[in-house]
Amino acid sequence: MTAATPITLTEAESGAQSLASGIIGHALLAVERAVNGAGDWASAHRLIQQAAGRVDAAAHAGLYYGAPAIAFLLHTTTADGRDRYPAARQALDHHIRRLTQTRLTHAAQRLCASRPATFGEYDLFTGLIGFGALLLYQAPGSDELGEVLSYLVRLAEPCYHDGLHVPGWWVEHDPDPLYPTPGGHANLGMAHGAAGLLALLAHAARHGHHVTGQTEAISWLCAWFDQWRQESPHGPWWPQWITRHDLRTGHLPHDCPPRPSWCYGAPGIARALQLAAITTGDRARKTIAEHALAACLTSPQRDRLTDPGICHGLAGLYQTAHRAAADTTNPVIARQLPALADLLTHTDDEDAGGFLTGATGVHLVKETVNARHTCTRWDACLLIA
């Protein structure tokens, strides 16, 4: 395994270092199986070597690509108490800290200039939320984690943009080329928005990591979700994002809930709210969040998921619900899990694909189903654990 260096990789090498779609996902699955006894370490080691030949530690690296993704993978290998790959993990730690400081510097400059944020600055996949999730997982006592949390507290603060009061994570760009949001939007999802921001702040607080303003930021984010929660006969839901028009009118232009996915839908948001409620001792909010998640596990909400994957499919719904069920004595979620597990078990997941949307992620969740727990906390990269 070569130490991470700022280099130009071949297309094959860079593809391998994608947590979303590359070999890293296969290696995560092999490590989980090795730890839980369903596989062997020799197979896991071969895949780790394939993923971590020359590691990209350039400025564009993030939790789902390059040095941070490899670091996350290697940290899962310590789940059984053995310190595997210590030299490589130490070398990667240096790069993670350097990259985090660089990202924080650029974010501070952007904030001082009063420019809107971008997904690339803050989100889970490529931004500082992802770096924070990694640091909380592998370096919880680091100064860099505290600095990331302080940045997120500032990111949660409302600001003005073109004469409109908007949340601090407001972006000018579209969430997707197919879904234009003229004038920008505030994303609510776990992957790119407020749920990811809330989940990381709540996870950190739950594990005793606090910075000035963190409790207030958690409360403000919860109030934001309260404001935009929509009620329906089949359970509450939240929009995927809020536009300038939505903010001006205080209403959504539609009454159709998005699919109940981890990335953008009610499951990810409800899990973030449950975590926030646990850290603040808000029993009422916790109950609301758990019932919202439970409603996603049955028809007709569950029927809106058309693929088995993690990002926006049944696997992501199951893993999110599994983690939420473990954090409550309320049986409303747990009693729905067997039926969802049966449905997931009988899905056709033999097609090629990686961790986030393909068969590899589905098989990882099936390991959770079979073992009734997750040994390596591989789902920490989803901010649900």
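Residues numbered from 1 in each chain as written. Predicted model: local features only at pLDDT ≥ 70, side-chain atom pairs only at ≥ 80, totals over all residues. Heavy atoms only, no water.

1. Comments concerning the environment of Arg115
- By secondary structure assignment, the location of Arg115 is in the loop between α5 (86–112) and α6 (119–122).
- Arg115 sits in the partly exposed class, given a relative accessible area of 45%.
- As for Arg115 and Thr215, which are separated by 100 residues in sequence, their C-alpha atoms are 25 Å apart.
- With residues near it in sequence (within four places) discarded, Arg115 still touches Gln109 and Arg110. (Helix = DSSP H or I, 4+ residues; strand = E, 2+ residues; numbered from the N terminus. Buried < 20%, exposed > 50% of the residue type's maximum accessible area, 1.4 Å probe, protein only. Contact = heavy atoms within 4.5 Å.)

2. With respect to the pattern of salt bridges
- Inspection of the entire model under this criterion finds 15 salt bridges.
- With its nearest N and O atoms 2.9 Å apart, the salt bridge here joins Asp327 to Arg271. You can see Asp327 sitting in the loop between α14 (314–326) and α15 (331–334) and its partner Arg271 sitting in helix α12 (residues 266–280), a full 56 residues away along the chain. The pair Asp327 / Arg271 is uniform in exposure class, with both members buried.
- The network of salt bridges with shared partners includes Asp226, Arg229, Glu231, Asp282 and Arg285. (Salt bridge = Lys/Arg side-chain N within 4 Å of Asp/Glu carboxyl O.)

3. Brief notes about the packing of helix α4 (residues 67–76) against α5
- For the pair α4 and α5, the least separation of the axes is 9 Å and the interaxial angle reads 140 degrees. As the angle between them shows, α4 and α5 are arranged oblique. Handedness of the crossing formed by α4 with α5: left-handed. Here α4 contributes Ala67, Pro68, Ile70, Ala71, Leu74 and His75 to the contact with α5, which in turn contributes Ala88, Arg89, Leu92, Ile96 and Leu99.
- Of the residues that constitute the contact of α4 with α5, the class distribution is 9 nonpolar, 1 polar and 1 charged. (Axes fitted to C-alpha atoms, helices over the stretch in contact; angles between N-to-C directions. Parallel < 35°, antiparallel > 145°, perpendicular 65-115°, else oblique. Left-handed = near helix turned anticlockwise from the far one by under 90°. Nonpolar A, V, L, I, M, F, W, Y, C, P; charged D, E, K, R; others polar.)

4. Things to note about the UniProt feature "binding site: Zn(2+)" (unreviewed entry) in the protein chain
- Mapped onto this numbering, the UniProt entry annotates "binding site: Zn(2+)" (unreviewed entry) at Cys263, Cys311 and His312. Annotated residues spanning 50 residues; largest pairwise C-alpha distance 6.1 Å, indicating a single compact cluster. Within the annotated group, the residues that form the lining of the largest pocket are Cys263 and His312.
- Along the chain, Cys263 turns up in the loop between α11 (244–249) and α12.
- When residues no more than four places from it in sequence are discounted, the contact partners of Cys263 are Gly189, Met190, Ala191, Cys311 and His312.
- As for its placement among the helices and strands, His312 is situated in the loop between α13 (283–295) and α14.
- Aside from chain neighbours lying at most four places away, what touches His312 is Arg259, Ser261, Cys263, Leu305, Asp307 and Thr357. (UniProt positions renumbered as here; feature names shortened; annotations may be inferred. 1 Å grid on protein atoms, 1.4 Å probe; cavity = no way out; pocket = protein on both sides within 12 Å on 5 of 7 lines; lining within 4 Å.)

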